[in-house]
Amino acid sequence: MAEETLGALRSLMASHSPRLDALVVPSEDYHQSEYVSARDKRREFVSGFTGSAGLALITANEALLWTDGRYFLQASQQLTDQWKLMRMGEDPAVDIWMSDNLPKDAAVGVDPWCVSVDTAQKWERAFAKKQKLVQTSTNLEKLKDLREKLVQEKARAIIITALDEVAWLYNIRGTDVSYSPVVHAYAIVTLASAFFYVDKRKISSETSFYMEKNGIEVRDYSAVSSDAVLLASDQLTPSSSAKKAENDIPKNIDSNSCEAGNDNIEEESSNNLVWVDGTCCFALYSKMNADKVLMQPSPLALAKALKNPVEMQGLKNAHIRDGAAVVQYLVWLDKQMQEFYGASGYFIEGESVKKNDQPKSVKLTEVSVSDKLEEFRASKQHFRGLSFPTISSVGPNGAIIHYSPAVESCAELDPNRMYLFDSGAQYLDGTTDITRTVHFGKPTPHEKACYTAVLKGHIGLGNARFPNGTTGHTLDILARVPLWKDGLDYRHGTGHGIGSYLNVHEGPHQISFRPPARNVPLQPSMTVTDEPGYYEDGNFGIRLENVLIIKEVDTKFNFGDKGYLSFEHITWAPYQRKLIDSGILVAEEIEWLNNYHSKCREILAPYLNTTEMEWLKRATEPIGA
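Residues numbered from 1 in each chain as written. Predicted model: local features only at pLDDT ≥ 70, side-chain atom pairs only at ≥ 80, totals over all residues. Heavy atoms only, no water.

1. Quick word on the overall build of the protein chain
Here is step 1 of the chain: In terms of regular secondary structure, the protein chain is built from 17 helices and 26 strands.
Here is step 2 of the chain: Its C-alpha atoms give the protein chain a radius of gyration of 27 Å, near enough to 25 Å, the size a compact globule of 625 residues would have.
Here is step 3 of the chain: Judged by the C-alpha coordinates and their principal axes, the protein chain covers about 80 × 70 × 55 Å.
Here is step 4 of the chain: When the 625 residues of the protein chain are sorted by exposure, 54% land in the buried category.
Here is step 5 of the chain: Here the analysis covers contacts within the protein chain between residues at least 6 apart in sequence; of these, 67% occur between residues at least 24 apart.
Here is step 6 of the chain: If the 66 positive side-chain charges of the protein chain are averaged to one point and the 82 negative ones to another, these points end up 2 Å apart. (Helix = DSSP H or I, 4+ residues; strand = E, 2+ residues; numbered from the N terminus. Rg over C-alpha atoms; globule rule 2.2 N^0.38 Å. Buried < 20%, exposed > 50% of the residue type's maximum accessible area, 1.4 Å probe, protein only. Contact = heavy atoms within 4.5 Å. Lys, Arg positive; Asp, Glu negative; His and termini not counted. Charge placed at Lys NZ, Arg CZ, Asp CG, Glu CD.)

2. Let's talk about the UniProt feature "domain: Peptidase M24 C-terminal" (unreviewed entry) in the protein chain
Here is step 1 of the chain: In the numbering used here, UniProt assigns the feature "domain: Peptidase M24 C-terminal" (unreviewed entry) to residues 563-623.
Here is step 2 of the chain: For residues 563-623, helix accounts for 46% and strand for 10%, while the C-alpha atoms at its two ends are 34 Å apart. (UniProt positions renumbered as here; feature names shortened; annotations may be inferred.)

3. Here we look at the pairing of strand S15 (residues 418-423)
Here is step 1 of the chain: Where burial is concerned, most of S15 is hidden: 6 out of the 6 residues are buried.
Here is step 2 of the chain: Burial along S15 is two-sided: Met418, Leu420 and Asp422 and Tyr419, Phe421 and Ser423, pointing in opposite directions, are all buried.
Here is step 3 of the chain: The sheet contact formed by S15 and strand S18 (residues 434-439) spans 6 bridges and is antiparallel. When the bridges of S18 are listed, Phe421 appears paired with Arg436. (Pairing = 2+ DSSP bridges.)

4. Observations concerning the pattern of salt bridges
Here is step 1 of the chain: The tally for this structure, following the rule as stated, stands at 22 salt bridges.
Here is step 2 of the chain: Lys307 is paired through a salt bridge with Glu506; the nearest N and O atoms lie 2.6 Å apart. Here Lys307, found in the loop between helix H11 (299-305) and helix H12 (309-341), pairs with Glu506, found in strand S21 (residues 506-511); they are 199 residues apart in sequence, far enough to count as distant.
Here is step 3 of the chain: Taking the shortest distance from any N to any O, the salt bridge between Arg543 and Asp422 comes out at 2.9 Å. Residue Arg543 is found in strand S24 (residues 540-543), and its partner Asp422 is found in strand S15; the two are separated by 121 residues along the sequence.
Here is step 4 of the chain: Exposure remark for Arg543: the relative accessible area of 2% places this residue in the buried category.
Here is step 5 of the chain: A relative accessible area of 5% means that Asp422 is categorised as buried.
Here is step 6 of the chain: Here the salt bridges share partners, and the residues they tie into one network are Asp164, Lys304, Lys307 and Glu506. (Salt bridge = Lys/Arg side-chain N within 4 Å of Asp/Glu carboxyl O.)

5. What to know about the side chain of His492
Here is step 1 of the chain: Note on placement: His492 falls in the loop between helix H15 (472-484) and strand S20 (495-497).
Here is step 2 of the chain: Taking relative accessible area as the criterion, His492 reaches 11% and is therefore assigned buried.
Here is step 3 of the chain: Side chain to side chain, His492 and Tyr535 meet in a polar contact 2.8 Å long. (Polar contact = N/O pair within 3.5 Å; in protein donor to acceptor, adjacent residues only side chain to side chain.)

6. Let's talk about the packing of aromatic side chains
The description of two aromatic rings rests on the distance between their centres and on the angle between their planes.
Here is step 1 of the chain: What the rule picks out here adds up to 21 aromatic pairs.
Here is step 2 of the chain: Seen in terms of ring centroids, Tyr170 and Phe196 are 5.6 Å apart; in terms of plane orientation they differ by 85°. Their pairing is edge-to-face. With Tyr170 in helix H7 (residues 163-170) and Phe196 in strand S9 (residues 194-198), this pair connects stretches of sequence that are 26 residues apart.
Here is step 3 of the chain: The buried category is assigned to Phe196, whose relative accessible area is 1%. (Phe/Tyr/Trp six-rings, centres within 6.5 Å; stacked < 30°, edge-to-face > 60°.)

7. Examining the sheet that holds strand S25 (residues 546-553)
Sheet strands pair via backbone hydrogen bonds, and the direction of the pair is either parallel or antiparallel.
Here is step 1 of the chain: Here 4 strands make up an open sheet; going across it, the order is S19-S26-S25-S22 and the pairing antiparallel. Among the strands making up the open sheet, the edge pair consists of strand S19 (465-467) and strand S22 (527-530). Taking the axes of each pair of neighbouring strands and ignoring which way they run, one obtains an average angle of 40° across the sheet.
Here is step 2 of the chain: In this sheet, S25 lies alongside S22 in antiparallel orientation, the contact comprising 4 bridges. Counted as the bridge partner of Thr529 is Val547 from S25. (Axes fitted to C-alpha atoms, helices over the stretch in contact; angles between N-to-C directions.)

8. A few points about the sheet that holds strand S12 (residues 293-295)
Here is step 1 of the chain: Here we have 6 strands laid out as an open sheet, ordered S10-S9-S8-S7-S11-S12, and mixed in their pairing. The sheet is open, and its two edges are formed by strand S10 (216-220) and S12, each paired on a single side. Along the sheet, successive strands turn relative to each other by an average axial angle of 20°, direction set aside.
Here is step 2 of the chain: Both S9 and S10 contribute to a ladder of 5 bridges, which runs parallel. Paired with Phe196 across the bridge in S10 is Val218.
Here is step 3 of the chain: Across the face of the sheet, H7 comes into contact with strand S7 (155-160), strand S8 (186-190), S9 and S10 while running at roughly 55° to S8.

9. Considerations on the pairing of strand S14 (residues 391-394)
Here is step 1 of the chain: Side chains of S14 alternate between two faces, with Ile391 and Ser393 and Ser392 and Val394 buried alike.
Here is step 2 of the chain: Here 4 bridges tie S14 to S15, and the two strands are oriented antiparallel to one another. Each bridged residue has a counterpart across the sheet, and for Ile391 the counterpart in S15 is Asp422.

10. Thoughts on the nonpolar core
Here is step 1 of the chain: Tyr329, Leu333, Phe567 and Tyr575 are the most contacted members of the largest nonpolar core, which totals 75 residues.
Here is step 2 of the chain: When residues of this core are assigned to their parent elements, the largest contribution, 13 residues, is made by H12.
Here is step 3 of the chain: Not counting the four nearest positions on each side in its chain, Phe567 is found in contact with Leu461, Gly462, Ala464, Phe466, Leu475, Ile511, Leu522, Val528, Leu548, Ile549, Ile550 and Lys551.
Here is step 4 of the chain: Ranked by size, the runner-up nonpolar core spans 31 residues in total, among them Ile158, Ala167, Leu191 and Leu300. (Core = buried A, V, L, I, M, F, W, Y, C linked by side-chain atoms within 4.5 Å.)

What follows is the structure in structure tokens.
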């Protein structure tokens, strides 16, 4: 993944203000320690080199790693072809290399917390006024952007109550809510200050230091009520020990005018509104002066939905590991269904053969098999838990769209019925959500026709190209047309956003027939699911779901100079070939399916053993046109 990591970093460098010509990634933590904790191994993450000493430098075209003689051999073995090893004592030192090779006036980014005064001053002397060091401050960028939004809307503050927005804004995660890595907290951000309301017992010394460094004052969870009253009267001020966010105040606002009781600016031209989202609790809203409230959707919802390059790469990596877990689960389940239920299996269409020697203690249920799926996910790197309760449904239970099996009442798996599983996980680098529907016996022609219609809609939406400004309301029909041709449909939306190690359902965009899907156009770097289905009461349910990333696409023409968008699939797991009536598919759909299955084999291969890989090869054999 080295190439993808470098690409993501270079995208961030290009979007930084000012644009960075080079980025230094030291080995040290905020205390200049020789040995650092796992969370501070930035240089190792970027380069793949695990030695304790070294420094990485990334430019637009090069990636270099300096280390000492103890690690020459190790580094040469661990670095990919994307990297050049710089041997300390033999090759030019990093400051000399930057001075000689970077262009005049080049901006060199470095986290000022990870570099010592001596080192920074040494580099600046080497630059001899040709290049300049730029202190990166990505942690504060979100607050800066939010304050600019406040100014645009003539607001002086915003109250944030959505847990995922608080977590995203302050770059924190927690364990207060099952399936979502959030913490019970509120936030209030003004033009000059930022407040975080939380049970202080949950705050580690490390988190406290992080908050203080970024100008965020931590207050007790219950204090938000009294502080809302102070905010309403423009009397909410930080404590004397809190750092004021001078550098984040938009240039056209005088920071002194943000202090309580200032009368220097006339009311008509001042930023005197408090921004409140319509989902804010009434208790806090009622403490505001109604005529001084800006009631409109939080600006954080859209900002959170637009993933940065690192978030997008993390999501892709998480979905690869997750896809491997799903394949391992299918391999296991296929074997179990054949051994204990006499099923013909995942690949062969045949009647099940009842096994008289089946141990009575062996029983596969909707719950027991979903627990096994969780085991496979838990074995993967960065796993932190499920992203929602797994929908594991057999036969008629599959027709219950959000079915939740219970241990005491769940159904036993049946080789002669469809099995639908909709599941996902939380990984440190991304959140996943996938649905597949399978049959381990002999599906009926009707079941195959319905599955194929759902698949056609899934492919049709995923292959769409559409102009900028298009909403999910417009695209929703693409997933339904193949079903409508046979008089079928489904009673749910077709797609929702996915968080970056956050909520599995994320807005403000969606793909749906419902009116709210008209509100926000689909935009590049958003994520969205593609999950059409069909549900036949008392019989079966079918749903197929992948996560997509929205990206710009080149088209032959560009009508209206709008620019066009398309989707990129990041979910990797096979569609069951024996459920597909290939006679219903057109050549373009078959070509897409074969290409997708080929990518599944290529992408998942490093994560599967020989037996699992042989199963996947068989599951992804090309379908003849």
